[in-house]
Amino acid sequence: MNTDETILKDVVIKFAGDSGDGMQFTGSQFTENTALMGIDLATFPDFPAEIRAPLGTVPGVSGFQLRFSSDPVYTPGDLCDVLVAMNAAALKVNLRGLKFGAKIIANKDGFDAKNLRLAKYADGVNPLEDGSLDGYEVIEMDVTRMTREALKEFSTLGTKEKDRAKNMFVLGFLYWMYNRKLENTIKFIQQKFKNKTDILESNLAVLKAGYHYGDTTETFTSRYKVEKAKLPPGKYRSIMGNQALVYGLIAASQKSGLPLFLGTYPITPASDILHELSKNKSFGIRTFQAEDEIAGISAAIGASYGGNLGVTSTSGPGLALKSEALGLAVMLEIPLIVIDVQRGGPSTGLPTKTEQSDLLQAYYGRNGECPLPVIASSTPSDCFYAVFEAVRIAVQHMTPVIFLSDGYIANGAEPWRFPQTDDLPEIEVHFQKKLPEGSDQFLPYLRDDKLVRNWVVPGTPGLEHRIGGLEKEDITGNVSYDTNNHQHMVKTRQAKVDYIAQSIPLQKLDSGPEKGKVLVLGWGSTYGAIKSASLDLQSEGHAVSHAHLRYLRPFPSNLGEILKNFDHVLIPEINNGQLIKIIRDQFLIDAHGYHKIMGIPITRTELVDEIRKWL
Amino acid sequence: MATETLTAKDFSTDQEVRWCPGCGDYSILAQVQKIMPGIGVPKENIVIISGIGCSSRFPYYMNVYGMHSIHGRATAIATGLKASRPELSVWIVTGDGDSLSIGGNHTIHILRRNLDVNIMLFNNQIYGLTKGQYSPTSEEHKITKSTPYGSIDHPFNPLALALGADGSFIARSMDRDPKHLQAMLNRSHQHHGTSFLEIYQNCNIFNDGAFEIFTEKKSKPDETIFLEQGKPLVFGTENDKGIRIDGLKPVVVNLQDGFSKDDLWIHDETDFYKAQVLTRMFDSPHIEGHFPRPFGVFYETQRPCYEDIMLMQIEEAIAKKGKGNLDQLLRGKDIWEIA
Ligand SMILES: Cc1ncc(C[n+]2csc(CCOP(=O)(O)OP(=O)(O)O)c2C)c(N)n1
Ligand code: SF4
Ligand SMILES: [Mg+2]
């Protein structure tokens, strides 16, 4: 039969279903497929904290949002063009996130009496039948029935196992609808189930059945296509935030010649860092799953003390546990990377939801005067470069560095024009091996002109010395309770961190005029939303600019100058106002805040509205 | 630097030792300094890591690499150091509060992982540094600053705990027996795996005489029993008493009551079951019919060390996949090109 092909510029799809429905898998396969077509994209996986939340209920809905476009993509989109709803609860949760007129692909079987009841629709109400979806293009598909039909020859599989392949039907259908090839997914399934022939074959059969369903039914008269994006030339791959972070660490380990040691304790959404590094032992990486977060950072300190690149990874609750040991690392003045993949807090909070929860904790959350550098990544692929930079600062300035990512960045994916090893700079590391000419005493806290002390590791003959958490005497490092010395050392540790501002790039505007009405100042995962909102308003002719901070402590030395060039500074954050406190404190400006604390990203639309208030 | 030419003095530092006069820590420091020249490890490869407490001041007085860290975490720091630098000889100094209260978790975990480090637990049954609160090894009913009506905590039996955590080397010694302490330190060092050496240490300020009954000439022979491999369990002023094993129970017998040495329990460090019984000979010396307190090596077994297996996995991964190639990693499996 004839189908038209419609060219689209930009599509936002949301895959939603029970957490057992395989929506994350479906979403990431479609993402991979999209990426391989050279289409730009951004993703937003959103899943419940419970591994198996009650079946069919609203809290059990797992979602995966994907935006793809032939234009540059900065966010996973505010509202969806297409919703795949595997059950009634999935529709209920996501309806308000749909554009008017959006397509709803509904799995009919997921809207039976039981599912409607579980989703808490009133007795006798079925949204597919009561006209409440008028204005949307509803495509009802009997996915369960067709999946079983496709598998009727598979006698070794029970109904339950067969039904598990439902998501493959949807995926196949979407591949048809968006004119895609099935290869990457076929390859993936073959790899994943290579030892389970029946599961492998059944998944393939259902995938193809979904695809052919689009082809053979009369219902669907148009297919869609999104053209390749006009990205800078080069080789691309798709990358997720935690993955990029791990690659950045490995690259930094290679480029510094320091063996990598990770001491950590599992916690969402940081655990994938442990998983991914553990897979890469052939890079000489040691991973240590400790008994708790304190042991994780302590072991990393031990490894750094021994001349390794010590790393510890966690989320907010774990960072809280690490505070005391972080103070020790500040006193010891040894390199250490502390990764905090932030999530909603306080306490256990919202483990699977994103929040810029810990900037103040990273800045101030320790006993005593305890300054250390803080660096944040802004997109999945940015994690690679930002953590590389964190390592450079840690080893060249002999200091622990806190690296902030968040759940949204960690699990989000985007195309990445990956670098070649040769394009990456070396990270120069210096170990002191012997006493300087003419001296007969080793002075562990002697500093260079950047206020940095030397790294001397056990095993170095003649330089045996003791360090610890008690206040140090300047230069000798001996224990000292002297009043003037303490004042001097506190000031020195602060000055040492402040000095780092000289070794980092000046702050640049991401977009917009040098001077103007509103500067939108952001950090971390709000990057995409602020960027799109700023570009929109600029194209309307407004004097709106966007600056995004990677270096949060110390700030780039020109930040104060930039802030002065605007009538208003707006600081949107996914918290109750953290960067804004620090900016007000350091620069004495009347910055405005915009705070969304709902466990989800800020959208472009709401930001555009907010910025307009100051124009 | 060749170690043979060094003496105990080479291991002392220019730092003024700050323990109270008469503190048991002095003797322990002296014994450690004495054995160090003989352990066959270059000085620069020796690292001492401590937590917080009076005892944890130790590293400042030893002219090797040292870290005075934070309360309870020395074991965890040592784990990271040893796992990444297996060639170093790593010693941990910790107190009863440091290792069994705040650091209790790390203590049991290092024992089960079995890193090749030496733990010296300075047990004075009190919090010394914070001026005299009861500790997790203080006896019940103890009157201290924080327990004016007597402690209601049941104490830990450190060696039973260590054995329960599958420690591969379990031993006890005391500050007041330099020869024995030196011998135990040497044995700790020789053991490949986590050595757990509990050292009874007198805090003459806040818990004076806690171990007097075991350390003083008058009572020591009857109240202690020194374990020696392959030798019968004999004790007493006249070497006239011994321990027999009756089923699963140890029994004190008098050698003048018709028992000979051949009837006695022969100490076997490699016997886990006997070690369990020995660690449980821990009753209060003030009750009627109590056992003598054992000193020496209770148990030693060989099992793989964490850092060795860790390294092996890395080597296996390299043998299988080749040394990690960064470009391959960054490129991944699926790429596309934009011209
Ligand atoms: C996090 C933390 N909590 C509490 C303290 C206070 N503190 C220091 S040492 C100590 C107990 C020391 O007892 P022990 O480990 O038995 O060592 P000792 O002084 O008896 O040698 C305490 C509670 C501390 N330094 N750090
Ligand atoms: S308080 Fe006790 S343990 Fe501490 S130094 Fe004094 S005597 Fe030793
Ligand atoms: Mg104590």
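As the structure is a computational prediction, the values presented were derived from the model and not from experiment.

Colleague: Help me out: how do you make sense of the overall build of chain B in this one?
Modeller: Secondary structure summary: chain B contains 11 helices and 12 strands in total. Each principal axis of the C-alpha atoms in chain B carries an extent, and together these give about 95 × 50 × 45 Å. Residues counted as buried form 45% of the 339 residues belonging to chain B. Look at the contacts in chain B between residues 6 or more apart in sequence, and 66% of them connect residues 24 or more apart.

Colleague: Teacher, can you tell me more about the overall build of chain A here?
Modeller: Scanning chain A for helices and strands turns up 20 helices and 23 strands. Computed over C-alpha atoms, the radius of gyration of chain A comes to 27 Å, within 12% of the 25 Å expected from 2.2 N^0.38 for 615 residues, which places it in the range of a compact globule. Its C-alpha atoms put chain A at 90 × 60 × 50 Å along the principal axes. In chain A, once contacts between residues fewer than 6 apart in sequence are set aside, the share between residues at least 24 apart is 76%.

Colleague: Please clarify how the site of ligand 2 should be interpreted in this entry.
Modeller: The local shell around ligand 2 consists of Trp19, Cys20, Cys23, Asp25, Cys54, Asn124, Gly128, Cys203, Asn204, Ile205 and Phe206 of chain B. Of the residues assigned to the shell around ligand 2, the class counts are seven nonpolar, three polar and one charged.

Colleague: What is the right way to read the site of ligand 1 from this model?
Modeller: Within the structure, ligand 1 sits among 18 residues, and Gly53, Gly95, Gly97, Asp98 and Gly128 of chain B are positioned closest to it. Chains contributing residues near ligand 1 are chains A and B. Sort the elements by how many residues they give to the shell around ligand 1 and helix α3 (residues 96–102) of chain B lands first, with three residues. When the residues that make up the shell around ligand 1 are grouped by side-chain class, the tally is six nonpolar, nine polar and three charged.

Colleague: For this particular structure, what's the right way to read the pairing of strand β3 (residues 40–46) of chain A?
Modeller: Side-chain positions along a regular strand alternate between the two faces of the sheet. All names here are of chain A. Counted residue by residue, β3 has seven buried out of seven residues, so it is predominantly covered. A two-sided burial pattern is seen for β3, the buried positions comprising Asp40, Ala42, Phe44 and Asp46 on one face and Leu41, Thr43 and Pro45 on the other. Where β3 and strand β4 (residues 61–69) come together, seven bridges link them in antiparallel fashion. By the bridge assignment for β4, Pro45 is matched with Phe64.

Colleague: Hey, could you run me through the packing of helix α6 (residues 166–177) of chain A against helix α8 (residues 197–216) of chain A in this one?
Modeller: When two helices pack together, their arrangement is given by the angle between the helix axes and the distance between those axes. Residues and elements named next belong to chain A. One way to put it is that α6 packs onto α8 with a least axis distance of 7 Å and a crossing angle of 40°. Regarding the angle of α6 to α8, the classification is oblique. For the pair α6 and α8, the sense of crossing is right-handed. Packed against α6, whose contacting residues are Met168, Phe169, Val170, Leu171, Gly172, Phe173, Tyr175, Trp176 and Met177, the element α8 presents Asn203, Val206, Leu207, Lys208, Ala209, Gly210, Tyr211, Tyr213, Gly214 and Asp215 at the interface. Each residue belonging to the contact of α6 with α8 can be placed in one class, and the counts come to 13 nonpolar, four polar and two charged.

Colleague: When you look at the domain arrangement of chain A in this model, what are you seeing that I'm missing?
Modeller: Reports of interface size often rely on the accessible area that becomes lost once the parts have come together. Residues and elements named next belong to chain A. Partitioning chain A into structural domains gives domain 1 (4–226), domain 2 (237–417) and domain 3 (509–612). Between the C-alpha centres of domain 1 and domain 2 the distance comes to 34 Å. Each partner contributes residues to the interface: domain 1 has 12 residues there, and domain 2 has nine residues. Breaking the side of domain 1 that touches domain 2 down by element, the ones donating at least two residues are α1 (23–36) and β3. Per-element tally for the side of domain 1 that touches domain 2: the top contributor is β3, with six residues. Each residue belonging to the side of domain 1 that touches domain 2 can be placed in one class, and the counts come to eight nonpolar, two polar and two charged.

Colleague: Would you mind going over the interface of chain A and chain B with me for this structure?
Modeller: Contact with chain A, which involves 58 residues of that partner, is made by 51 residues of chain B. Elements represented by at least two residues in the side of chain A that touches chain B include exactly α1, β9 (234–240), α9 (241–256), β10 (260–264), β11 (286–289), α11 (293–305), α12 (316–332) and β17 (466–468) of chain A. At nine residues, the largest contribution of residues to the side of chain A that touches chain B is made by α11 of chain A. Of the residues belonging to the side of chain A that touches chain B, the class tally is 28 nonpolar, 20 polar and 10 charged. Here three bridges tie β9 of chain A to strand β12 (residues 336–338) of chain B, and the two strands are oriented antiparallel to one another. In the sheet register, Lys235 of chain A faces β12 of chain B, and the bridge partner there is Glu337 of chain B.

Colleague: Even after reading the chapter, I still don't get the sheet that holds strand β10 (residues 249–254) of chain B, so can you show me in this structure?
Modeller: Strand pairs in the sheet, formed through backbone hydrogen bonds, run parallel or antiparallel to each other. All names here are of chain B. If you trace the three strands from one edge of the open sheet to the other, you get β8-β9-β10, paired in antiparallel fashion. Looking at strand neighbours, the two that pair on one side only are β8 (234–235) and β10, the edges of this open sheet. Note that β8 and strand β9 (residues 241–246) share two bridges and pair antiparallel. For Phe235, the partnering residue across the bridge sits in β9 and is Lys241.

Colleague: Where do I start with helix α4 (residues 143–150) of chain A in this structure?
Modeller: An α-helix turns once every 3.6 residues. As a result, residues three or four positions apart point the same way. Residues and elements named next belong to chain A. Among all positions of α4, only Val143, Met146, Thr147 and Ala150 are buried. The arc that holds the buried residues of α4, viewed along the axis, is 105°, so those residues lie on one side. Tucked into the core, α4 has its buried residues touching β6 (98–107), β7 (137–141), α5 (159–163), α6 and α8.

Colleague: Just to check I follow, could you spell out the sheet that holds strand β3 (residues 89–95) of chain B for this structure?
Modeller: Across the sheet, which stays open at both edges, the nine strands sit in the order β17(A)-β2(B)-β1(B)-β3(B)-β4(B)-β6(B)-β5(B)-β11(B)-β7(B) with mixed pairing between neighbours. Edge positions in the sheet fall to β17 of chain A together with β7 (224–226) of chain B, since each of these pairs with one other strand and no more. Adjacent strand axes in the sheet meet at a mean angle of 20°, parallel and antiparallel pairs treated alike. Contacts from helix α6 (residues 178–190) of chain B reach β4 (117–123), β5 (169–174), β6 (195–200) and β11 (293–300) of chain B, with the element oriented near 160° to β5 of chain B.

Colleague: I tried to follow the packing of α1 of chain A against helix α7 (residues 183–192) of chain A on my own but got confused; where do I start?
Modeller: Residue and element names in this part refer to chain A. Viewed as axis vectors pointing N to C, α1 and α7 meet at an angle of 130°, and their least axial separation amounts to 9 Å. What the angle tells us is that α1 and α7 run oblique. With respect to the hand of their crossing, α1 and α7 are arranged in right-handed fashion. Each of Gln29, Glu32, Asn33 and Leu36 in α1 lies in contact with α7, whose residues at this interface are Asn184, Thr185 and Phe188. Here the contact of α1 with α7 is composed, by residue class, of two nonpolar, four polar and one charged.

Colleague: Which parts of the structure should I look at to understand unusual backbone geometry?
Modeller: Negative phi values dominate among residues other than glycine, just as trans dominates among peptide bonds. Residues and elements named next belong to chain A. Residue Pro269 is bonded to the preceding Thr268 through a cis peptide linkage, with omega at 0°. Residue placement: Pro269 occurs in the loop between β10 and α10 (271–279). In this model, Arg553 is joined to Pro554 through a cis peptide bond whose omega is -10°. Along the chain, Pro554 turns up in the loop between β21 (551–553) and α18 (559–564). The phi dihedral of Met398 is positive, around 45°, even though this residue is not glycine.

Colleague: Looking at this structure, I do not really get helix α4 (residues 104–113) of chain B. What am I missing?
Modeller: When we look at burial in α4 of chain B, the residues that qualify are His106, Thr107, Ile108, Ile110, Leu111 and Arg113 of chain B. Among the structural elements, α11 of chain A together with α2 (74–84), α3, α5 (158–164), β6 and α10 (306–321) of chain B are those in contact with the buried residues of α4 of chain B. At the exit of α4 of chain B stands Asn114 of chain B, carrying a positive phi of roughly 65°.

Colleague: Would you take a moment to explain the nonpolar core for this structure?
Modeller: As a rule of thumb, soluble globular proteins bury nonpolar side chains together. One finds Ile337, Val387, Ala390, Val391, Val401 and Phe403 of chain A together with Ile170 of chain B to be the most contacted residues of the largest nonpolar core, which totals 177 residues. Ranked by the residues each element gives to this core, the list is headed by helix α14 (residues 382–397) of chain A, at 10 residues. Each of domain 2 (237–417) and domain 3 (509–612) of chain A contributes no fewer than three residues to this core. Once you skip the residues sitting within four places of it in the chain, Val401 of chain A turns out to touch Ile337, Val338, Leu372, Pro373, Ile375, Ala390, Ile393 and Ala394 of chain A. Residues Phe15, Ala42, Leu83 and Trp176 of chain A belong to the second largest nonpolar core, which totals 58 residues.

Colleague: Mind showing me how you'd approach the confidence of the model for chain B here?
Modeller: Regions with low pLDDT carry predicted coordinates that are not meant to be interpreted in detail. Overall, the predicted model of chain B reaches an average pLDDT of 96, with 99% of residues at or above 70. Two numbers describe this predicted complex: its pTM, 0.95, and its ipTM, 0.98.

Colleague: For this particular structure, what's the right way to read the pairing of β6 of chain B?
Modeller: Residues and elements named next belong to chain B. With six of its six residues buried, β6 lies for the most part within the structure. Across the two faces of β6 the burial is the same, with Ser195, Leu197 and Ile199 and Phe196, Glu198 and Tyr200 all buried. Bridge count for β4 against β6 is six bridges, and the pairing is parallel. Bridging across to β6, Phe122 finds its partner in Ile199.

Thresholds applied
Residues numbered from 1 in each chain as written. Chains lettered and ligands numbered in written order. Predicted model: local features only at pLDDT ≥ 70, side-chain atom pairs only at ≥ 80, totals over all residues. Helix = DSSP H or I, 4+ residues; strand = E, 2+ residues; numbered from the N terminus. Buried ≥ 20, exposed ≤ 12 C-beta atoms within 10 Å, placed from the backbone. Contact = placed C-beta atoms within 7 Å. Rg over C-alpha atoms; globule rule 2.2 N^0.38 Å. Near = placed C-beta within 6 Å. Nonpolar A, V, L, I, M, F, W, Y, C, P; charged D, E, K, R; others polar. Pairing = 2+ DSSP bridges. Axes fitted to C-alpha atoms, helices over the stretch in contact; angles between N-to-C directions. Parallel < 35°, antiparallel > 145°, perpendicular 65-115°, else oblique. Left-handed = near helix turned anticlockwise from the far one by under 90°. Domains from an automatic or database assignment. Arc of directions from axis to C-beta. Core = buried A, V, L, I, M, F, W, Y, C linked by C-beta atoms within 7 Å. pLDDT = per-residue confidence, 0-100.

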